[in-house]
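Here is what each chain is made of, one letter per residue.
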Amino acid sequence: MRFRAKIVDLACLNHFSRVINTIAKLAKTCTLRLTVSKLYFILSDKVANGGVSMWCELCQGNFFDEFQMEGVAAEHNEIYLELVPENLSRALKTAQSAKAVKIKLTNKHCPCLRVAVELPSLSSSSRIVTHDIPVGVIPRRLWNDFREPSVPDFDVSIYLPVLKTMKCVVERMKNLSNSIVIEANLSGEMNLKIETDLVSVTTHFKDLGNPPWVSEDECQSSAQDRDLESMAEARIDIKKLQQLLAGQQVNPTKALCNIVSKRIVHFILLHEDVSLQYFIPALA
């Protein structure tokens, strides 16, 4: 099992850092899945326990100048590692003006991702700062726990308003309640509501647009037969929503959410070469 990669281009490096910072804000620990063409950061708290789950996918070719890996076996050419993203984020903070960053899987005393940051120096010899980030190697028998979550059979899918605006609204609301209701319909309208014994506040968004989902087997039929005006809603933990909005360091080109009434809200944030899915289960 081997992995080594190198980033030389500063723009790619800064972009990669922003992605890792976002993930560090969303997950204390996560699984890093490495394949020949992609990296995945996966958080699969069991939704049944009220946990959120996350699936972030990056094409390695858009970030790395060199990328070599050999998985656990020829027919399973992948590596699954458990790590604390905050540690990787910290290591990359030292790399903001680096000439190059090398990442390598090592195993001295325990398995580690070694991040070697080559910094520019005035003399001919360069300064290299290395960070060893401990990782756990996830055995092959557990890989099935980290499969891509399927898009739920939603009632409504809608584009999100500007995330900064949404973040401001949610931050104000979180001082008033622990939960928030997201509701939306197929006419491009979305409301964020909180209701307590003392206060009820609603923010309305209009003309957001609804994504055109075309499914192979028409599995999104529940959305197709809906009355365009009727709202689908889910009440979720406001802190988990705020965490998603506050963590965004990669400005997505498209952001949408799918609501399965009273069950789950599924967010999809797309940037040219990064896609992030985030599932927040509804509160009972």
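Let me begin by describing the structure that accompanies this report. (Residues numbered from 1 in each chain as written. Predicted model: local features only at pLDDT ≥ 70, side-chain atom pairs only at ≥ 80, totals over all residues. Heavy atoms only, no water.)

## Details of the sheet that holds strand β12 (residues 179-184)
In sheet architecture, strand pairing relies on hydrogen bonds along the backbone and comes in two forms, parallel and antiparallel.
Moving on, step 1. Pairing in this open sheet of 4 strands is antiparallel, and the strands run β14-β13-β12-β15 from one edge to the other. The sheet is open, and its two borders are formed by β14 (200-205) and β15 (232-237), each paired with just one other strand. Here the average twist between neighbouring strands, direction ignored, is 20 degrees.
Moving on, step 2. Across 6 bridges, the pairing between strand β13 (residues 190-195) and β14 is antiparallel. Looking at the pairing, Met-190 lines up with Phe-205 of β14. (Pairing = 2+ DSSP bridges. Helix = DSSP H or I, 4+ residues; strand = E, 2+ residues; numbered from the N terminus. Axes fitted to C-alpha atoms, helices over the stretch in contact; angles between N-to-C directions.)

## Digging into the sheet that holds strand β7 (residues 100-107)
Moving on, step 1. Taken in spatial order, the 5 strands line up as β5-β1-β7-β8-β9 in an open sheet, and their pairing is antiparallel. Because the sheet does not close on itself, it has two edges, and the strands there are β5 (66-70) and β9 (127-134). Here the average twist between neighbouring strands, direction ignored, is 15 degrees.
Moving on, step 2. Relative to strand β8 (residues 111-119), β7 runs antiparallel, the two being bridged by 8 bridges. Looking across to β8, one finds that Asn-107 is bridged to Pro-111.
Moving on, step 3. Against the sheet, helix α2 (residues 85-93) engages β7, β8 and β9, with an angle of about 175 degrees to β9. (Contact = heavy atoms within 4.5 Å.)

## So, helix α3 (residues 163-173)
Moving on, step 1. Looking at α3, one finds that the buried residues are Leu-163, Met-166, Val-169, Val-170 and Met-173. Taken around the axis of α3, the buried residues stretch over an arc of 125 degrees, which confines them to a single face. Set apart from the buried face of α3 by more than 90 degrees, the exposed residues are Lys-164 and Arg-172.
Moving on, step 2. Looking at the buried side of α3, the elements it contacts are β12, β13, β14, α5 (238-246), β16 (254-260) and β17 (264-271). (Buried < 20%, exposed > 50% of the residue type's maximum accessible area, 1.4 Å probe, protein only. Arc of directions from axis to C-beta.)

## Points about unusual backbone geometry
Moving on, step 1. Even without being a glycine, Asp-207 presents a positive backbone phi close to 55 degrees.
Moving on, step 2. You can see Asp-207 is positioned in the loop between β14 and α4 (221-224).
Moving on, step 3. What makes Asp-207 exposed here is its relative accessible area of 72%.
Moving on, step 4. A positive phi angle is found at Lys-262, which is not glycine, with a value near 60 degrees.
Moving on, step 5. Of note, Lys-262 is situated in the loop between β16 and β17.

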